[in-house]
Amino acid sequence: MNKHLQQVRDFHRKFAIKQPDDGEIGHLSDMDIVMRQALLLDCGSETFKAIASGDLIKILGGLVDLSFNALAAIACRGDELVSVSANWRQDGTVLSVMRVLSEKINLCTSGETVHYSGLYAICAHLSQRFVNADFDEAFQIVHQQLMSGRGGERLDLSPALFE
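Along every chain, residues carry numbers that run from 1 in the direction the sequence is written. Residue-level local features of this predicted model are given only where pLDDT is at least 70; pairs of side-chain atoms are given and counted only at 80 or more, and the full residue set underlies all totals for whole chains, interfaces and linings. Heavy atoms throughout the structure, all of them, feed into the side-chain values; hydrogens and water do not.

Draft legend 1. Seen up close, the pattern of salt bridges. For this analysis, a salt bridge means a side-chain nitrogen from Lys or Arg found within 4 Å of a carboxyl oxygen belonging to Asp or Glu. Per the stated rule, a full pass over the model turns up five salt bridges. With a shortest N-O distance of 3.1 Å, lysine 3 and aspartate 136 are connected by a salt bridge. Here lysine 3, found in helix H1 (residues 3-14), pairs with aspartate 136, found in helix H6 (residues 135-147); they are 133 residues apart in sequence, far enough to count as distant. Linking glutamate 46 and lysine 49 is a salt bridge whose minimum nitrogen-to-oxygen distance equals 3.7 Å. Here glutamate 46 and its partner lysine 49 are both found in helix H2 (residues 30-53), three residues apart, which amounts to about one turn of the helix. Numbering of helices and strands starts at the N terminus; helices are DSSP runs of H or I of at least 4 residues and strands are runs of E of at least 2.

Draft legend 2. Fine view of the packing of aromatic side chains. For this analysis, a ring pair means two rings from Phe, Tyr or Trp (six-membered ring only for Trp) whose centres lie within 6.5 Å, classed as stacked if their planes differ by under 30 degrees, edge-to-face if by over 60, and tilted for the remaining angles. Within this structure, the stated rule accounts for five aromatic pairs. Centre to centre, the rings of phenylalanine 11 and phenylalanine 15 are 5.0 Å apart; their planes meet at 50 degrees, and the pair counts as tilted. Exposed residues in this analysis have more than 50% of their type's maximum accessible area, buried residues have under 20%, and partly exposed residues fall in between, with area computed by a 1.4 Å probe over protein chains only. Residue phenylalanine 11 is classed as buried on the basis of its relative accessible area, which comes to 14%. Judged by centre distance (6.0 Å) and plane angle (50 degrees), the ring pair of phenylalanine 135 and phenylalanine 139 falls under tilted. Note that phenylalanine 135 and phenylalanine 139 are positioned in helix H6 at a spacing of four residues, about one turn of the helix. Across the pair, phenylalanine 139 and phenylalanine 135 agree in class, each one buried. Three or more aromatic residues joined by ring pairs make a cluster, and in this case those are Phe11, Phe15, Phe68, Tyr120, Phe135 and Phe139.

Given below as structure tokens:
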């Protein structure tokens, strides 16, 4: 099992967020999908604003938030992460980043694990290739803060940036 997905499941257990027990498959209702999409759109908006301002720490934070929410949807289905390729053609423009993220977020309206997995994969890929950061370390920092119950505090992801 993907360790990030396991961490999201641990977060859900700690804060009593409904999800199927290990080994059980659940279902996302239409309203669950709508709520998940609203969260993804909010995170996407914050990520796009960070891209527009050029703030690498906020961009990284946005990518981790998007990936966390994509994994949360998978956890709420009781599913496992699907291995998908992350395709992003680096053409030197931020518009290509915006396009690929928008497309991946939009595909999540299906409520299917493969699309949430695709969003997770592109966020990890962009963290490494666009932001030049250690995605795993950034995810760990966010996870630790969320597990401590201090999710709303300002987060310093600078240790995850490569120099």
